[in-house]
Amino acid sequence: MALFDASRFYRESESAMEMEKLVSLCKRRGFLFQSSEIYGGLQGFWDYGPLGVELKRNVKDAWWRDMVTGHDDLMTPPGAPEPYEMTGLDCTIIMHPQVWKCSGHYDLFHDYMVDCRESKRRYRFDQVRGRWCEYNGRRVFVTTMAEADTMEEDLQRRALKLFKLRGKDADKLDWDAEILDLPQVDKLSDVLGPDARETGTLTEPREFNLMFKTIVGALGGDEDAAFLRPETAQGIFVNFKNVVDSTRVKIPFGIAQVGKSFRNEITPRNFTFRSREFEQMEIEFFCHPNSSQDWYRYWRDRRMKWYTDLGLSGERLILREHDPDELSHYSTGTADIEYAFPFLPPGEFGELEGIAHRGDFDLRSHMEGKLDEKSNPLVVQVGADGKPKWRGSGKDLTYLNQETKERFTPHVIEPSAGADRATLAFLCEAYSEDEAPDDKGNMQTRVVMKFHPRIAPIKAAVFPLVKKDGMPEIAQQIYRDLKPSFNVFYDEKGAVGRRYRRQDEAGTPYCITVDSETLAEQTVTIRDRDSLEQTRVKVDDVADEIRRRLS
RNA sequence: GCGGGUGUAGCUUAGUGGUAAAGCCCUGGCCUUCCAAGCCAGUCAUGUGGGUUCGAUUCCCAUCACCCGCUCCA
């Protein structure tokens with residue numbers, strides 16, 4: 001089954017070809033498979049194969065080690081305002097439904113959509129706005145998706161067209177003053193869709209539930225509905241008090257979590273880039289409001305460096321700071337770390353991680369009730385009855401600085417990374433082809449996955465040059481010596497050149513080969529994946545040498 | 001969800017209303033002293049479900065998946 005059939009002009013493009021080859025290699029070598037493939041697959045779900053699981057685990061382990069367990073609580077890292085502590089959590093996928101109401105996901109992820117039968121476009125029900133317009137006894141609700149500054153112009157133009165009038169007849173149109181949202185209109189048959197030429201082309205609004213819904217309890221009905229988490233972050237916010245009370249951490253500190261999240265994406269596409277089940281690596285960093293700007297900048301740069309340190313090139317990786325008008329007003333900064341995936345058109349980038357300054361929005365929402373994102377200063381969002389739309393926990397999630405006796409609601413910096421997206425970026429970055437001579441000296445194309453050694457699924461392969469003269473026995477002993485410390489692989493089948501090539505495709509950085517000199521001098525060769533160079537080291541020093549090169 | 005395209009072995013491709021072909025890969029063996037060599041043998045496929053037909057991989061319908069363009073993207 002063709003996993004990636006780049007068609008039309010995209011077939012010409014080098015990057016699409018590269019993507020096609022990468023997808024093929026991922027399946028052939030066992031990095032990634034379609035979920036439930038023998039039943040035809042399931043859209044938006046992917047399985048990691050034997051090599052893929054090692055790769056992804058290495059990515060997650062590197063993140064956890066670099067952000068949490070390896071973090072030095074006592075020092076001030078470069079760029080940081082002061083020392084800080086890091087700790088971790090592992091929360092459940094299913095949480096109290098109120099969590100998602102206060103986080104805003106419930107409202108945001110329960111979109112009602114209308115389709116236009118004529119233009120085949122789809123709109124969010126609550127985002128379509130317009131005005132009633134009357135001409136010649138006919139009353140029509142004209143809608144537009146245009147921005148506020150061009151809205152009037154667009155409405156008038158489209159109304160004139162509908163009524164077959166010229167521009168000079170504009171004053172014959174009788175407009176209602178009020179701008180209404182589509183949900184405020186009773187009859188959709190009177191509505192002129194934003195891209196339609198006739199009225200009545202919009203379908204009734206249909207619910208699109210972007211959170212996976214499930215039932216808690218065997219006999220559960222709708223009142224027992226629960227949701228699979230669409231992000232891991234909320235588990236951290238609702239455990240903020242638990243962590244503070246149980247660990248003696250002091251602000252500033254961060255809580256990290258790695259885990260699965262689920263979003264019922266309308267259009268999963270681009271290999272694993274947009275999956276319905278995916279894994280996140282998130283940090284919620286809690287700090288004093290006064291220093292939050294400095295911490296935001298620190299985390300933005302720190303996270304960018306993490307990717308480059310693991311081998312993503314500066315050319316394909318960008319840090320994109322959001323424009324002020326893209327931000328919620330309570331956020332004083334958001335940056336995306338983006339990668340130029342080969343499946344994207346030239347010049348476009350896909351998000352690997354977002355670093356957001358979230359202010360006190362999340363903690364306050366879980367205390368007081370869901371805040372209104374549009375309010376300034378932030379106030380609890382109220383329903384039609386004047387009561388909070390979604391009640392908060394009522395628990396005190398503020399923080400008391402014991403020394404200064406200052407009590408405040410911490411501000412939050414949120415570096416939120418996609419583990420699958422990072423893994424995919426590392427796969428794309430690693431894929432390369434070069435030329436290497438075969439045993440006859442003819443140049444052959446060599447496919448090699450140039451993973452950073454830290455994330456390479458297999459760290460080293462051990463080969464006897466030939467299957468005789470006691471070489472396999474020596475090689476097996478080296479394999480056994482290394483295996484407790486590293487994921488190493490033993491292979492004695494076929495020509496050694498073929499074994500090297502297989503490891504190149506798996507991205508194994510080093511191959512250790514036992515040859516006749518091993519028998520005489522107790523030395524082996526270590527072959528470098530990228531340079532093809534071989535260096536000779538003593539058998540007893542192999543483990544140290546591999547360890548040195550991997551660190 | 002809409003429109004278009006594509007589904008034959010792990011991969012790349014043939015082909016047919018009547019036994020589905022090849023190369024590479026893979027597995028085993030022989031041979032091999034450093035980069036996909038050679039020889040022998042072997043495993044493995046018409047996405048799924050219907051319909052038409054004596055017979056469907058081929059024709060028709062539906063469905064699923066992937067790709068492209070819309071749409072969506074907290």
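Asker: Explanation requested: the pattern of salt bridges in the structure shown.
Answerer: When their charged atoms lie close together, side chains carrying opposite charge are able to pair. As enumerated under the stated definition, the model contains 39 salt bridges in all. Here Lys 241 makes a salt bridge to Asp 245, at a shortest N to O gap of 3.5 Å. One end of the pair is Lys 241 and the other is Asp 245, both in helix H8 (residues 240-247) and four residues apart, which spans about a single turn. Since its relative accessible area comes to 37%, Lys 241 is described here as partly exposed. The class of Asp 245 is exposed, set by a relative accessible area of 55%.

Asker: Sorry, what's going on with the confidence of the model for chain A here?
Answerer: Detail in the predicted coordinates should be disregarded across regions flagged by low pLDDT. Chain-level pLDDT for chain A is 87 on average; 94% of the residues reach the 70-or-more range. With pLDDT under 50 throughout, residues 1-12 is counted as low confidence; its partners more than four residues away or in other chains account for 18 contacts. This prediction of the complex comes with two scores: 0.86 for pTM and 0.88 for ipTM.

Asker: Whenever I open this one, the sheet that holds strand S18 (residues 350-359) confuses me. Can you help?
Answerer: Either a parallel or an antiparallel arrangement is found when strands of a sheet pair, and the pairing is made through backbone hydrogen bonds. Strands sit in the order S3-S14-S15-S21-S18-S17-S16 across an open sheet of seven strands; the sheet is mixed. Every interior strand has two partners, whereas the edge strands, strand S3 (85-88) and strand S16 (317-321), have only one. Each strand axis lies, on average, 20° off the axis of its neighbour in the sheet, ignoring direction. In the sheet, S16 pairs with strand S17 (residues 334-339) via five bridges, with the strands oriented antiparallel. Residue Leu 317 lies in a different strand from S17, and its bridge partner there is Tyr 339. Across the sheet, helix H9 (residues 292-309) is in contact with S3, strand S15 (277-287), S16, S17, S18 and strand S21 (411-418); its angle to S18 comes to roughly 165°.

Asker: When you look at the nonpolar core in this model, what are you seeing that I'm missing?
Answerer: Across soluble globular proteins, nonpolar side chains have a tendency to be buried as a group. Counting 61 residues, the largest nonpolar core has Trp 299, Tyr 307 and Phe 341 as its most contacted members. The leading source of residues in this core is helix H11 (residues 419-430), at eight residues. If near-sequence neighbours (up to four positions away) are discounted, Trp 299 is found in contact with Met 67, Tyr 84, Met 86, Ile 283, Phe 285, Ile 355, Ile 413 and Pro 415. The next biggest cluster of nonpolar side chains, apart from the first, holds 28 residues, and it includes Tyr 123, Phe 125, Leu 173 and Val 191.

Asker: In this structure, what is going on with the pairing of strand S14 (residues 253-262)? I would like to understand it.
Answerer: Residues in a regular strand point their side chains to alternate faces of the sheet. Burial runs high along S14: nine of the ten residues are buried. Across four bridges, the pairing between S3 and S14 is parallel. Bridge pairing in S14 links Met 86 to Gly 254.

Asker: Explain the packing of aromatic side chains here, please?
Answerer: For any pair of aromatic rings, the description consists of the separation of the ring centres together with the inter-plane angle of the planes. If you walk through the whole model with that rule in mind, you get 30 aromatic pairs. Put simply, the rings of Tyr 84, Phe 285, Trp 295, Tyr 298 and Trp 299 pair up and form one aromatic cluster. The ring of Phe 273 carries Arg 421 above its face, with NZ or CZ at 3.8 Å from the centroid. For Arg 499, the ring lying beneath its charged end belongs to Phe 463, and the centroid distance is 5.3 Å.

Asker: Whenever I open this one, the environment of Ser 416 confuses me. Can you help?
Answerer: For Ser 416, the location among the structural elements is in strand S21. Expressed as a C-alpha distance, the spacing of Ser 416 and Phe 273, which sit 143 residues apart in the sequence, is 15 Å. Apart from the residues within four sequence positions on either side, Ser 416 is in contact with Gln 280, Met 281, Glu 282, Leu 352, Glu 353 and Gly 354.

Asker: Could you clarify how one ought to interpret the side chain of Arg 158 in this entry?
Answerer: Inspection of the secondary structure assignment puts Arg 158 in helix H6 (residues 148-162). The charged side chain of Arg 158 is buried without a salt bridge, its nearest counter-charge being Asp 154 at 4.8 Å. Those residues within four positions of Arg 158 in sequence are excluded, and the remaining contacts are Val 142, Thr 143, Leu 192, Gly 193, Pro 194, Asp 195 and Ala 196.

Asker: What should I look at first to understand the packing of helix H3 (residues 50-69) against H11 in this one?
Answerer: Between two packed helices, what matters for the description is the angle formed by their axes and the separation of those axes. Relative orientation of the contacting elements H3 and H11 amounts to 115°, with a least axis distance of 10 Å. Both H3 and H11 take part in a crossing whose hand is right-handed. Residue-level contacts link Leu 55, Lys 56, Val 59 and Lys 60 of H3 to Ala 419, Asp 420, Ala 422, Thr 423, Phe 426 and Leu 427 of H11. Across the contact of H3 with H11, the residue classes tally to six nonpolar, one polar and three charged.

Rules of the game
- Each chain has its residues counted from 1, following the order in which its sequence is written.
- Here chains are named by letter from A upward and ligands by number from 1 upward, in the order in which they appear as written.
- Note on the predicted model: pLDDT of at least 70 is required for a residue's local features to be given, and 80 or more for side-chain atom pairs to be given and counted; whole-chain, interface and lining totals, by contrast, use all residues.
- With hydrogens and water stripped out, all remaining heavy atoms of the structure feed into the side-chain values.
- Should a side-chain nitrogen of Lys or Arg be within 4 Å of a carboxyl oxygen of Asp or Glu, the pair is scored as a salt bridge.
- Only DSSP runs of H or I with at least four residues qualify as helices, and only runs of E with at least two residues qualify as strands; both kinds are numbered from the N terminus onward.
- Partly exposed residues are those whose accessible area sits between 20% and 50% of the maximum for their type, while under 20% is buried and over 50% is exposed, using a 1.4 Å probe and protein chains only.
- Note on scores: pLDDT gives the predictor's confidence for each residue, bounded by 0 and 100.
- Note on contacts: a residue pair qualifies if any of its non-hydrogen atoms lie within 4.5 Å across the two residues.
- The criterion for strand pairing is that DSSP finds at least two bridges linking the strands in question.
- For helices, the fitted axis covers only the stretch in contact; all axes are lines through C-alpha atoms, and the angles between them, taken along N-to-C directions, range from 0 to 180 degrees.
- Side-chain atoms within 4.5 Å link the members of a nonpolar core, which is a set of buried Ala, Val, Leu, Ile, Met, Phe, Trp, Tyr and Cys residues.
- Any pair of Phe, Tyr and Trp rings, taking the six-membered ring for Trp, is counted once the centres come within 6.5 Å. Such a pair is stacked with planes under 30 degrees apart, edge-to-face with planes over 60 apart, and tilted for the rest.
- Look at NZ for Lys and CZ for Arg. If either is within 6 Å of the ring centre and within 35 degrees of the ring normal, a charge sits over the ring.
- Positive residues here are Lys and Arg, negative ones are Asp and Glu, while His and the chain termini are left out of the count.
- We call a crossing left-handed when the near helix sits turned anticlockwise from the far one by less than a right angle, and right-handed when that turn is clockwise.
- Classes in brief: Ala, Val, Leu, Ile, Met, Phe, Trp, Tyr, Cys and Pro nonpolar; Asp, Glu, Lys and Arg charged; the others, Gly included, polar.

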